[in-house]
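One-letter residues, chain by chain:
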Amino acid sequence: MTVTDGTPSVQDALARLPRVVDLLSARAEEHDRDATFPYQGIEAVHEAGLLTLTVGRRYGGPGAGLAETVQLLAQLGRGDASVAVLTAATLLVHAEQARTGGWPAALYRRLLTESRRGPALLDALPAEPGQRPDTVARRDGSGWRLSGRKGWCAGAEALAWMAVRARTEEEVPRTGWFLVRGDSPGIELDPVWDQLGLRAAAGQEVLLSEVAVAADAVVGLAPARRADPAAEAAEQVARAWRELALSAVHLGVARAAQQWLVSFLGRRTPANLTEPLSTLPRYRAAVAEIEASLIGAEELLHGLAARIDRGDRSAAQRTGAAQLLINRTATAAVQQAVTLTGNPGLSRRHPLERYLRDLLTGRTHLPAEDTTLDGLADGLF
């Protein structure tokens, strides 16, 4: 199975990043203010070959690993966090397929064909909070009918495919992933997304009502069973990819905030001074503190990503703690930038307040801090 002749290499695609980031930056404020979907930005990511960067080499794709993926997402985060989050969701699905080959061959081939023609956004809609999915699949001839509600679905209005976690309506229920086209009959969107930040990410709720799913569009359907070490290891790697991918977006946002802060301090000269604020020791030290903290977070991010690419299982076990530290660092850096700039930093005439809102909202895509800390404590007591 191949994607297409002429598929750009990982490095070729990454070389196109600066132009894409500039385009995203130019439109981010508009999409944030109006809460409109960033179609042009997604198109730019697609045309640069970045939206399929993690398609496996066995499928004719570039086969980017986690190290290249976090590099990409950190840069996109500088331009527009919403576009970066939407891109991350698609890259994570392709990366999972590259590792496990879970999608049926014919269906994935169809997806790759669509990906050549234009942006094919993907997202995985996991189980709702609780012990098992509330979304139910019932038998309908040789296939299934899917009904339920999924919340916080990034890019819901523009998804080509969604992987929906659901349980079967059987005497002995089974759980699996049901692969559904985004334009399938029976799918409606509840436009509830009106968040503080990531306003262009369009994380609407998806309502599924008797959505038809073919028998060969179901992955991993199985009854609940005892712990499977191999399955648990694969799930841990998938979780590590997600945690570091989204953390990379947040670090990109923090870097954009720092870049704006440096520019602002360099041109801001209060009436009682003859030199810009960037010449004052207090401001120089504060910006240096931000730089030091971001360097540390980036080293943690990229170091763990490289180790996971090498198959280091101990690295995958540490990404929960890493994402907590990285996201605390990114948020603290932007909050410090707001403090240093005062009123201008909170003005919608400038992007700094948007960066802070995007970071605060981005936490909803990652485990709650107390959940992460409880997991770490379990390994200690």
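Scroll up for the structure.
The model shown is predicted, which means the values in this text are computed figures rather than measured ones.

**Student:** Could you give me a rundown of empty space enclosed by the protein, with the residues and numbers involved?
**Tutor:** In this structure the tally under the stated criterion is three cavities of 30 Å³ or more. A volume near 50 Å³ is recorded for the largest cavity. Every residue along the wall of the largest cavity is listed here: Ala28, His31, Asp32, Asp80, Ser82, Leu198, Arg199, Ala200, Arg354 and Asp358. Of all the elements in the fold, those that place two or more residues in the lining of the largest cavity are α2 (17-34) and α12 (352-362). Considering only residue class, the lining of the largest cavity consists of three nonpolar, two polar and five charged.

**Student:** Break down the packing of aromatic side chains for me, citing the residues and quoting the values.
**Tutor:** Here a ring pair, both rings aromatic, is described through the centre-centre distance and the interplanar angle of the planes. The final tally for this structure, using the stated rule, is seven aromatic pairs. Aromatic pair tryptophan 103 and tyrosine 108: ring centres 6.1 Å apart, planes at 70°, arrangement edge-to-face. What makes tyrosine 108 buried here is its relative accessible area of 1%. Look at tryptophan 260 and phenylalanine 264: their rings are 5.1 Å apart centre to centre, the planes differ by 20°, and that puts the pair in the stacked class. With tryptophan 260 and phenylalanine 264 both in helix α7 (residues 229-267) and four residues apart, this pair spans about one turn of that helix. Using a relative accessible area of 11% as the deciding quantity, one classes tryptophan 260 as buried. For phenylalanine 264, a relative accessible area of 5% gives the class buried.

Rules and cut-offs
- Residues numbered from 1 in each chain as written.
- Predicted model: local features only at pLDDT ≥ 70, side-chain atom pairs only at ≥ 80, totals over all residues.
- Heavy atoms only, no water.
- 1 Å grid on protein atoms, 1.4 Å probe; cavity = no way out; pocket = protein on both sides within 12 Å on 5 of 7 lines; lining within 4 Å.
- Points joined across faces, edges and corners; volume = space filled by probe spheres on them.
- Helix = DSSP H or I, 4+ residues; strand = E, 2+ residues; numbered from the N terminus.
- Nonpolar A, V, L, I, M, F, W, Y, C, P; charged D, E, K, R; others polar.
- Phe/Tyr/Trp six-rings, centres within 6.5 Å; stacked < 30°, edge-to-face > 60°.
- Buried < 20%, exposed > 50% of the residue type's maximum accessible area, 1.4 Å probe, protein only.

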